[in-house]
Amino acid sequence: MLTTISKQLDTLYRGYGDGLGLSIQTHMYLEGDPINFRFYQEDSKFSRLVTPPVFSEWMAWCTGDWKKAAPAIEALAKPYGVSWDNENGVLYLRFRRNEMTIAQAILRLQQAVAVVCALGPV
């Protein structure tokens, strides 16, 4: 039973190295493009999960101008503890690894992505 459960859980997320660092496959897609998160270890305490460039393209298209939509994006992401980088057009979650597991961070960022990417023209 444990092997079956483990195999099923592996289909939710998959971490892999892509030559540039660590990516986490989320099985989320926008217009057929995968929304795989990038994982960065900032120092001995903090880590960061960041959305990929394809998410930035989506936000530019769906909002018409993500810079104008920044207040709405920030308000939608805030309940999940996620921040918006208005310069680069990415959502990110910076967290202390002893206060939040990587699984919790992935789920929070994934929820924020799902809500924010539904935003229309502002």
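In what follows, the structure referred to is the one given above.
About the criteria used
Here, residues in each chain are numbered from 1, in the same order as that chain's written sequence. With pLDDT at 70 or above as the cut-off, local features in this predicted model cover only qualifying residues; side-chain atom pairs require 80 or more to be listed or tallied, and sums for whole chains, interfaces and linings still use all residues. Values shown for side chains rest on all heavy atoms present in the structure; no hydrogens or waters enter the calculation. Elements are defined by DSSP. Helices are runs of H or I of four residues or more, strands are runs of E of two residues or more, and each kind is numbered from the N terminus. Radius of gyration here is computed from C-alpha atoms only, and the compact-globule reference equals 2.2 Å multiplied by the residue count raised to the power 0.38. Note on classification: 1.4 Å probe, protein chains only; a residue is buried when its accessible area is under 20% of the maximum for its type, exposed when over 50%, partly exposed between these limits. Every patch collects residues that have over 30% relative accessible area and no salt bridge, joining them within 9 Å if they carry like charges and within 5 Å if they are nonpolar side chains (Val, Leu, Ile, Met, Phe, Trp, Tyr). In these tables, accessible area is a Shrake-Rupley quantity obtained with a 1.4 Å probe, and a residue counts as shielded only by the protein chains included in the view. Only one rule defines a salt bridge in this text: a Lys or Arg side-chain nitrogen within 4 Å of an Asp or Glu carboxyl oxygen. Note on definitions: a residue-residue contact is assigned when non-hydrogen atoms from the two residues lie within 4.5 Å. In this description, a nonpolar core means a group of buried Ala, Val, Leu, Ile, Met, Phe, Trp, Tyr and Cys residues linked to one another through side-chain atoms lying within 4.5 Å.

> Any chance you could break down the overall build of the chain for me, citing the residues and the numbers?
Across its full length, the chain holds four helices and eight strands. Helices and strands appear in the chain in the N-to-C order α-β-β-β-β-β-β-α-α-β-β-α. A compact globule built from 122 residues would reach a C-alpha radius of gyration of about 14 Å, and the chain, at 15 Å, matches this within 12%. Along the longest, intermediate and shortest principal axes, the C-alpha atoms of the chain span 50 × 35 × 30 Å. Buried residues in the chain amount to 38% of all 122 residues.

> Please set out a nonpolar patch on the surface residue by residue, giving values where relevant.
The grouping of Met-1, Ile-5, Leu-9 and Leu-12 at the surface amounts to a nonpolar patch, some 440 Å² of accessible area in total. Among the secondary structure elements, Ile-5 is positioned in helix H1 (residues 2-10). You can call Ile-5 partly exposed: its relative accessible area is 40%.

> How would you sum up the pattern of salt bridges? Please name residues and give values.
The tally for this structure, following the rule as stated, stands at four salt bridges. Here Lys-67 and Glu-87 are joined by a salt bridge, their closest N and O atoms 3.9 Å apart. Taken as a pair, Lys-67 in helix H3 (residues 66-77) and Glu-87 in the loop between strand S7 (83-85) and strand S8 (90-96) lie far apart in primary sequence, 20 residues in all. Lys-67 gets classed as partly exposed once you look at its relative accessible area, which sits at 43%. Judged by relative accessible area, which is 60%, Glu-87 ranks as exposed. Several salt bridges converge on common partners, so that one network encompasses Glu-42, Arg-48 and Arg-94.

> Break down the side chain of Gln-110 for me, with residues and values.
With respect to the helices and strands, Gln-110 occurs in helix H4 (residues 102-116). When sequence neighbours within four positions are dropped, the list of residues in contact with Gln-110 reads Tyr-13, Thr-26, Met-28 and Phe-37.

> A description of the nonpolar core should follow, citing residues and the corresponding values.
In terms of nonpolar packing, the biggest core is built from 31 residues, with Leu-49, Phe-55, Met-59, Ile-73 and Leu-91 touching the most fellow members. When contributions to this core are tallied by element, the ones reaching two or more residues are strand S5 (37-41), helix H2 (53-63), H3, S8 and H4. Sorting elements by how many residues they give to this core places H4 first, with six residues.

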